[in-house]
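So the chains spell out like this:
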Amino acid sequence: MPETRGSVRNRKAGGKPVKPAAEAVVEEVDTDEAEEIEATRVEKKRRTARERVVDEDDYSPWLDVLRVLSFLVIASCGLSYLVSGGESFTWGLRHPPKYLDIAWWKAQWHGPVYMTLEELAEFDGRNESKPLYLAINGTIYDVSSNRRIYGPGGGYSYFAGTDAARSFVTGCFAEDRTADMRGAEEMYLPLDDPETDARYWTEAELEELRRREREDALRRVHDGLDHWVRFFANSPKYPQVGYVRRDPDWLEKEPRKTLCDAAAKGRKKRKAPEGK
């Protein structure tokens, strides 16, 4: 097909097409805009870098230090409140827990302590600079974490500073502050009633009955004491610290105790056999 006149005008020598003037202007404008955008981006990066340098020069660590110190103060107050059981926010503890006591850690390091009853009596809570100890069945426990009960004026203060194993069974706190359990089984023995006993048992039968009754009473005393022995042995609140030191024949040197009044009042007469 023959070329038109307009087509001829759009060609240069050599036959190569020439872009129209409008397209050339648009291409030139696009190139300038792209270069301007790139220059702006580079300048922005440079400005951002300068701003970072300025920010770093203006940075002060005191704000972070203040934040850390504030957190530590608040955490300390909270921990003090928890450890003291609500007693203080500022570690003003009247009776610090055992793990804050250097003496307690020394005791753990050196192993169990051995005390006579005279030495143990010094840890009855009257001297607040010393821990509070009690012993049961020869084993010493630290009950400092519960001075309200075991300390002076507490309901169980009779147990402190001694081995009062007998009183744990009989309930006579003031009278039975001893580890001598001899005769404690009498609190579980029935009282003899000659008139009723002779009516239902022969002498031989009564003797055998009394033997069984005493065996049962001794078992009940053992179980009653064992309950409290296991209570302290398994309690995380009362760590074991040592043992009571006694002479091998200490029990033979002790006068035999009579049954305390409160325990004796609980004894009843022997009941007649069922069906008779």
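Small disclaimer: the values here were computed from a predicted structure and weren't measured. (Residues numbered from 1 in each chain as written. Predicted model: local features only at pLDDT ≥ 70, side-chain atom pairs only at ≥ 80, totals over all residues. Heavy atoms only, no water.)

### Considerations on the state of the cysteines
Enumeration according to the criterion identifies 1 disulfide in this entry. Between the sulfur atoms of Cys-172 and its disulfide partner Cys-260 the distance amounts to 1.9 Å. Taking the sign of the S-S torsion, 70° for the link of Cys-172 and Cys-260, the bridge is right-handed. With a gap of 88 residues between them, Cys-172 in the loop between α7 (165-170) and α8 (194-200) and Cys-260 in the loop between α10 (250-253) and α11 (261-264) connect regions that are remote in the sequence. Residue Cys-172 is classed as buried on the basis of its relative accessible area, which comes to 3%. (Disulfide = S-S within 2.5 Å. Helix = DSSP H or I, 4+ residues; strand = E, 2+ residues; numbered from the N terminus. Buried < 20%, exposed > 50% of the residue type's maximum accessible area, 1.4 Å probe, protein only.)

### Describing the environment of Gly-224
Tracing the sequence through the fold places Gly-224 in helix α9 (residues 203-234). Remark: the alpha-carbon pair of Gly-224 and Val-169, spanning 55 residues in sequence, is separated by 5.8 Å.

### Section: the pattern of salt bridges
Tallying each qualifying case throughout the model produces 22 salt bridges. Across the pair Glu-195 and Arg-199 runs a salt bridge, and its minimum N-O distance is 3.7 Å. With Glu-195 and Arg-199 both in helix α8, this residue pair falls 4 residues apart, about one helical turn. The pair Glu-195 / Arg-199 is uniform in exposure class, with both members exposed. The salt bridge partner of Asp-247 is Lys-253, with a shortest N-O separation of 3.4 Å. The partly exposed category is assigned to Asp-247, whose relative accessible area is 45%. A relative accessible area of 54% means that Lys-253 is categorised as exposed. In this structure, a network of salt bridges that share partners links the residues Asp-192, Asp-197, Arg-210, Glu-213 and Arg-270. (Salt bridge = Lys/Arg side-chain N within 4 Å of Asp/Glu carboxyl O.)

### Points about the sheet that holds strand β3 (residues 139-142)
The 4 strands lie next to each other as β1-β4-β3-β2, forming an open sheet whose pairing is mixed. One side of each edge strand has no neighbouring strand; the edge strands of this open sheet are β1 (113-115) and β2 (133-136). Averaged over all pairs of adjacent strands, the angle between strand axes in this sheet comes to 35°, irrespective of strand direction. Here 3 bridges tie β3 to strand β4 (residues 240-244), and the two strands are oriented antiparallel to one another. Note on β4: the bridge partner recorded for Ile-140 is Gly-242. The strands touched by α9 are β2 and β3; relative to β2, the strand with the most contacts, the crossing angle is about 140°. (Pairing = 2+ DSSP bridges. Axes fitted to C-alpha atoms, helices over the stretch in contact; angles between N-to-C directions. Contact = heavy atoms within 4.5 Å.)

### A look at α9
Helix length check: α9 (32 residues) gives 46 Å between terminal C-alpha atoms against 46 Å at 1.5 Å per residue, within 8%. Along α9, the residues that are buried comprise Leu-206, Leu-209, Glu-213, Ala-217, Val-221, Leu-225 and Phe-232. On its buried side, α9 packs onto β2, β3, α6 (147-150), α7 and α8. (Expected span 1.5 Å × (residues − 1).)

### Comments concerning the pairing of β3
The alternating pattern of β3 places Thr-139 and Tyr-141 on one face and Ile-140 and Asp-142 on the opposite face, and all of these are buried. The pairing of β2 with β3 spans 4 bridges and is antiparallel. Among the inter-strand pairings, Ala-135 is bridged to a residue of β3, identified as Ile-140. Between β2 and the antiparallel strand that follows it, β3, lie 2 residues; Asn-137 among them carries a positive phi value of about 55°.

### Examining unusual backbone geometry
Positive phi outside glycine occurs at Asn-137, with the angle close to 55°. Among the structural elements, Asn-137 can be located in the loop between β2 and β3.

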